[in-house]
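The chain contents come next:
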Number of protein chains: 2
Amino acid sequence: MDHIRRTERLAAMTRVLVSEPGRSFSLAQFCEAYGAAKSTISEDLDIIRGAMDRFGLGRLETLTGVGGGVRYRVAVDHAEGYRHVRALCERLSGPGRVLPGGLLYLADVIADPEIIGRMGAILASEFVDAAPDFVLTMETQGIPLAMMAAHSLHVPVVIARRSGKAYEGPAVHISYLAGSQFKTMSLSRRLVRPGQRALLVDDVLRSGGTATGMMDLMREFSAEVVGAAMLVGTEEACGRFSHVKALMVLEGVDPSNGAASLRPGDWLLVPE
Amino acid sequence: MDHIRRTERLAAMTRVLVSEPGRSFSLAQFCEAYGAAKSTISEDLDIIRGAMDRFGLGRLETLTGVGGGVRYRVAVDHAEGYRHVRALCERLSGPGRVLPGGLLYLADVIADPEIIGRMGAILASEFVDAAPDFVLTMETQGIPLAMMAAHSLHVPVVIARRSGKAYEGPAVHISYLAGSQFKTMSLSRRLVRPGQRALLVDDVLRSGGTATGMMDLMREFSAEVVGAAMLVGTEEACGRFSHVKALMVLEGVDPSNGAASLRPGDWLLVPE
């Protein structure tokens with residue numbers, strides 16, 4: 001192999017670390033891949049760490065143990081997270097967003113990997129210290145956000161279903177009240193082990209029924225809920241479920257032109 | 001601002017490009033962020049491009065036009081893609097994977113962002129030249145794979161529903177035959193425009209009913225299907241739907257111990 005310059009190695013190593021946030025790499029893997037000594041790789045990692053810190057692009061964590069290791073962590077700082085959420089609030093506040101029944105049309109936002117990727121990164125930054133073992137969501141609209149948060153956290157995304165599916169194997173079913181209707185939530189028994197830590201993520205907090213159902217479901221699995229987050233919550237529901245972190249608060253709806261009014265969740269406010 | 005060294009800039013720029021594959025950045029954005037001249041940033045990008053090429057870590061594409069620009073493309077080479085899929089086949093071939101009715105238990109694999117991220121990257125590499133405008137999937141199990149492919153391609157993921165939902169607004173409904181049952185598929189009218197190019201992604205190809213339904217649905221929207229891919233297809237279905245690229249082929253099932261036998265899709269074979 002031709003001599004590999006430090007500049008090339010830095011680009012390659014950054015790409016490998018950033019593409020799989022939260023995944024641990026041993027120094028030996030890098031030494032082998034780039035034919036470099038451990039001390040050289042360590043210096044490279046110091047440079048990458050410094051650049052991430054300096055420009056607010058995430059964190060490089062050093063892992064102790066056999067041979068040592070390193071992993072990249074998504075870390076969106078408060079000001080940047082707030083800016084992204086506020087921009088999304090503005091986009092959603094235009095007319096024509098509100099459907100009959102006062103429902104907010106979100107399917108296009110949920111489809112957008114750039115937006116949902118950023119929102120997932122904000123949730124991952126917020127909950128990384130809660131150390132969830134998995135992200136739980138309820139099908140269907142919450143899955144993309146839950147998936148991107150899970151990707152950033154490097155944990156599985158566990159999807160509760162409306163009804164049990166033969167291809168999910170034995171499952172736990174619970175009933176929950178959503179608005180004025182009883183519904184069923186089902187989760188494959190194999191997906192969660194007792195004592196695991198769950199982060200709940202869903203699209204909309206309205207009656208709170210689904211969120212409460214997900215918490216009940218976790219109790220059935222003897223799993224611990226270490227956090228809960230939503231893309232949007234109504235003003236009323238956000239007040240009632242103050243432990244749930246909604247990225248956006250739906251303040252109200254103007255029925256005359258179908259315009260909604262949204263603001264970033266209070267927990268996103270930049271601390272003084 | 002203190003002087004920024006090339007090594008720091010390389011790590012920072014690689015992180016920015018790689019975190020949002022397919023997103024275009026102007027050279028001016030980098031010049032401003034790192035206080036460097038265009039010629040300097042161009043040299044940096046040449047180094048990053050060279051490192052990606054040399055180590056098979058993706059592609060850096062140069063964009064012509066006002067001021068010029070650049071974007072990172074996920075590009076898993078054939079040999080690496082084949083290796084990842086074969087490893088997954090081996091994992092799924094263990095006993096206890098097969099549920100009553102000969103169904104394969106996949107929920108844990110679908111929940112794993114590392115595996116699904118890689119599979120999505122393989123699909124993105126395969127279909128990037130087909131230039132899809134969006135990825136279409138049918139709820140629920142196909143969403144994570146579709147989402148990760150869409151993330152790598154930097155296009156939206158569009159989710160067809162089993163029934164119309166009030167919060168999706170006006171929708172197109174079609175009926176399709178899945179096995180021996182008629183089912184309904186629904187898609188919000190706002191999500192697809194005539195003439196757009198669709199990549200179809202789903203979890204399992206068995207009767208081919210859902211895949212055919214998704215194609216019919218795209219016809220209703222006057223959208224063009226530019227490719228179709230599945231996580232797993234049965235041997236029989238893969239033969240019948242030869243235009244669908246299944247990452248894995250389910251060769252058979254041993255009912256005595258619940259073990260499945262899978263191999264990578266033939267299209268993944270490394271060309272001589």
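What comes next is a walk through the structure. (Residues numbered from 1 in each chain as written. Chains lettered and ligands numbered in written order. Predicted model: local features only at pLDDT ≥ 70, side-chain atom pairs only at ≥ 80, totals over all residues. Heavy atoms only, no water.)

**Observations concerning the relation of the copies chain B and chain A**
Part 1 of the argument: Rotating chain B by 180° about the axis while translating it 0.0 Å along that axis superimposes it on chain A, leaving an RMSD of 0.0 Å. Taken together, these values place the two copies in the relation of a two-fold axis.
Part 2 of the argument: The share of interface residues of chain B whose copies in chain A are also at the interface is 100%, consistent with both copies meeting through the same surface. (Least-squares fit on C-alpha atoms with pLDDT ≥ 70 in both. Contact = heavy atoms within 4.5 Å.)

**Here we look at the pattern of salt bridges**
Residues and elements named next belong to chain B.
Part 1 of the argument: Scanning all chains against the criterion turns up 48 salt bridges over all chains.
Part 2 of the argument: Two residues, Arg49 and Asp46, come together in a salt bridge whose shortest N-O distance is 2.7 Å. Of the two residues, Arg49 and Asp46 both sit in helix H3 (residues 38-55), three residues apart, roughly one turn of that helix.
Part 3 of the argument: On the basis of relative accessibility, which here comes to 47%, the residue Asp46 falls in the partly exposed class.
Part 4 of the argument: Of the charged contacts in the structure, one is a salt bridge between Glu235 and Arg263, with a shortest N-O distance of 2.9 Å. (Salt bridge = Lys/Arg side-chain N within 4 Å of Asp/Glu carboxyl O. Helix = DSSP H or I, 4+ residues; strand = E, 2+ residues; numbered from the N terminus. Buried < 20%, exposed > 50% of the residue type's maximum accessible area, 1.4 Å probe, protein only.)

**What to know about the interface of chain B and chain A**
Part 1 of the argument: At the interface, 64 residues of chain B touch 64 residues of chain A.
Part 2 of the argument: When the two sides are added together, the surface that chain B and chain A hide from each other amounts to roughly 5,400 Å², 65% of it contributed by carbon and sulfur.
Part 3 of the argument: At the junction of chain B and chain A, the tally comes to six salt bridges.
Part 4 of the argument: Close ionic contact of Arg118(B) with Glu20(A) constitutes a salt bridge, the shortest N to O distance being 3.8 Å.
Part 5 of the argument: At the junction of chain B with chain A, the criterion picks out 18 residue pairs in polar contact (both at pLDDT 80 or more).
Part 6 of the argument: With eleven residues, the top contributor of residues to the side of chain B that touches chain A is helix H1 (residues 6-19) of chain B. (Buried area = accessible area lost by both parts, 1.4 Å probe. Polar contact = N/O pair within 3.5 Å; in protein donor to acceptor, adjacent residues only side chain to side chain.)

**Considerations on the nonpolar core**
Part 1 of the argument: Formed by 77 residues in total, the largest nonpolar core has its most connected members in Leu247(A), Met248(A), Leu247(B) and Met248(B).
Part 2 of the argument: Apart from the residues lying within four places of it in its own chain, the contact partners of Met248(B) are Val85(B), Leu88(B), Cys89(B), Leu92(B), Leu231(B), Val232(B), Gly233(B), Leu262(B), Arg263(B), Pro264(B) and Gly265(B).
Part 3 of the argument: With 53 residues, the next largest nonpolar core counts Val70(A), Ala36(B), Leu45(B) and Tyr72(B) among its residues. (Core = buried A, V, L, I, M, F, W, Y, C linked by side-chain atoms within 4.5 Å.)

**Structural notes on the pairing of strand E11 (residues 224-234) of chain A**
Residues and elements named next belong to chain A.
Part 1 of the argument: The buried fraction of E11 amounts to nine of the eleven residues, a majority that puts the element mostly inside the structure.
Part 2 of the argument: Relative to E11, strand E10 (residues 197-205) runs parallel, the two sharing eight bridges. Residue pairing in the sheet places Val201 in a bridge with Ala229 of E11.
Part 3 of the argument: For the crossover that starts at E10, traverses helix H8 (residues 209-220) and ends in the parallel E11, the hand is right-handed. (Pairing = 2+ DSSP bridges. Right-handed = clockwise from strand over helix to strand, strands pointing away.)

**Thoughts on the environment of Pro21(A)**
All names here are of chain A.
Part 1 of the argument: Positionally, Pro21 belongs in the loop between helix H1 (6-19) and strand E1 (25-26).
Part 2 of the argument: Overall, Pro21 belongs to the buried group, its relative accessible area being 4%.
Part 3 of the argument: Once the C-alpha coordinates of Pro21 and Arg59 are considered, the two residues, 38 residues apart in sequence, prove to be 9.9 Å apart.
Part 4 of the argument: In contact with Pro21, not counting residues within four places along its chain, are Tyr72, Val74, His151, Ser152 and His154.

**Some details on the environment of Arg73(A)**
Residues and elements named next belong to chain A.
Part 1 of the argument: Position of Arg73 among the secondary structure elements: in strand E3 (residues 69-73).
Part 2 of the argument: Sequence spacing of Arg73 and Tyr167 is 94 residues, and the spatial spacing of their C-alpha atoms is 34 Å.
Part 3 of the argument: Non-local contacts of Arg73, meaning those with residues more than four positions away in its chain, are made with Gly22, Gly58, Arg59, Glu61, Val128 and Leu153.

**Description of unusual backbone geometry**
Excluding glycine, a negative phi dihedral is what most residues carry, and trans is how most peptide bonds are arranged.
Residues and elements named next belong to chain A.
Part 1 of the argument: Of note, the amide linkage connecting Glu139 to Thr140 takes the cis form, showing an omega dihedral of 10°.
Part 2 of the argument: In this structure, Ala131 takes a positive phi of about 50° despite not being glycine.
Part 3 of the argument: Within the element layout of this structure, Ala131 appears in the loop between helix H6 (113-127) and strand E6 (134-138).
Part 4 of the argument: When its relative accessible area of 40% is taken as the criterion, Ala131 is described as partly exposed.
Part 5 of the argument: Although it is not a glycine, Ser222 adopts a positive phi angle of roughly 55°.
Part 6 of the argument: With respect to the helices and strands, Ser222 occurs in the loop between H8 and E11.

**Focus: the sheet that holds strand E3 (residues 69-73) of chain B**
As a general point, the strands of a sheet are linked pairwise by backbone hydrogen bonds and lie either parallel or antiparallel.
Residue and element names in this part refer to chain B.
Part 1 of the argument: Taken in spatial order, the three strands make up an open sheet running E1-E3-E2, and their pairing is antiparallel. The sheet is open, and its two borders are formed by strand E1 (25-26) and strand E2 (59-63), each paired with just one other strand.
Part 2 of the argument: The pairing of E1 with E3 spans two bridges and is antiparallel. Looking across to E3, one finds that Ser26 is bridged to Gly69.
Part 3 of the argument: Of the strands in this sheet, E1, E2 and E3 touch H1, which is tilted by about 65° from E3. (Axes fitted to C-alpha atoms, helices over the stretch in contact; angles between N-to-C directions.)

**Focus: H6(A)**
Residue and element names in this part refer to chain A.
Part 1 of the argument: For H6, built from 15 residues, the straight-helix expectation of 21 Å at 1.5 Å per residue is met to within 8% by its first-to-last C-alpha distance of 20 Å.
Part 2 of the argument: The element H6 is extensively covered by neighbouring structure, given that twelve of its 15 residues are classed as buried.
Part 3 of the argument: For H6, the set of buried residues is Pro113, Ile115, Ile116, Gly117, Met119, Gly120, Ala121, Ile122, Leu123, Ala124, Ser125 and Phe127. (Expected span 1.5 Å × (residues − 1).)

**Notes on the sheet that holds strand E10 (residues 197-205) of chain B**
Residues and elements named next belong to chain B.
Part 1 of the argument: Spatially, the six strands line up as an open sheet ordered E7-E6-E10-E11-E12-E13, and their pairing is mixed. Either end of the sheet is taken by a strand with one partner, and the two such strands are strand E7 (157-160) and strand E13 (259-264). Between one strand axis and the next, the sheet turns through 25° on average, direction left out of account.
Part 2 of the argument: Each of strand E6 (134-138), E7, E10 and strand E11 (224-234) touches helix H8 (residues 209-220); the most contacted strand, E10, lies at about 160° to it.

**Brief notes about helix H2 (residues 27-34) of chain B**
Part 1 of the argument: Taken residue by residue, H2(B) has Leu27(B), Phe30(B), Cys31(B) and Tyr34(B) as its buried positions. For H2(B), the arc enclosing every buried residue in end-on projection is 105°, short of the 170-degree limit, so these residues lie on one face.
Part 2 of the argument: Residues of H2(B) that are buried in the fold lie against helix H3 (38-55) of chain A together with H1, E1, H3 and E3 of chain B.
Part 3 of the argument: Of the residues one or two after H2(B), Gly35(B) is the one with positive phi, at around 55°. (Arc of directions from axis to C-beta.)

**Digging into the packing of aromatic side chains**
Part 1 of the argument: Evaluated as defined, the whole model comprises six aromatic pairs over all chains.
Part 2 of the argument: Ring plane angle 15° and centroid distance 6.4 Å describe the contact between Phe30(A) and Tyr34(A), whose orientation is recorded as stacked. Taken as a pair, Phe30(A) and Tyr34(A) lie in helix H2 (residues 27-34) at a separation of four residues, close to a single helical turn. An identical accessibility class is assigned to Phe30(A) and Tyr34(A); each is buried.
Part 3 of the argument: Measuring from ring centre to ring centre gives 4.9 Å for Tyr34(A) and Phe55(B), while their planes differ by 90°; the resulting arrangement is edge-to-face. Of this pair, Tyr34(A) sits in helix H2 while Phe55(B) sits in helix H3, which puts the two residues in different chains. By the burial criterion, Tyr34(A) is buried, and Phe55(B) matches it.
Part 4 of the argument: Here the aromatic cluster, defined as three or more aromatic residues joined through ring pairs, consists of Phe25(A), Phe30(A), Tyr34(A) and Phe55(B). (Phe/Tyr/Trp six-rings, centres within 6.5 Å; stacked < 30°, edge-to-face > 60°.)

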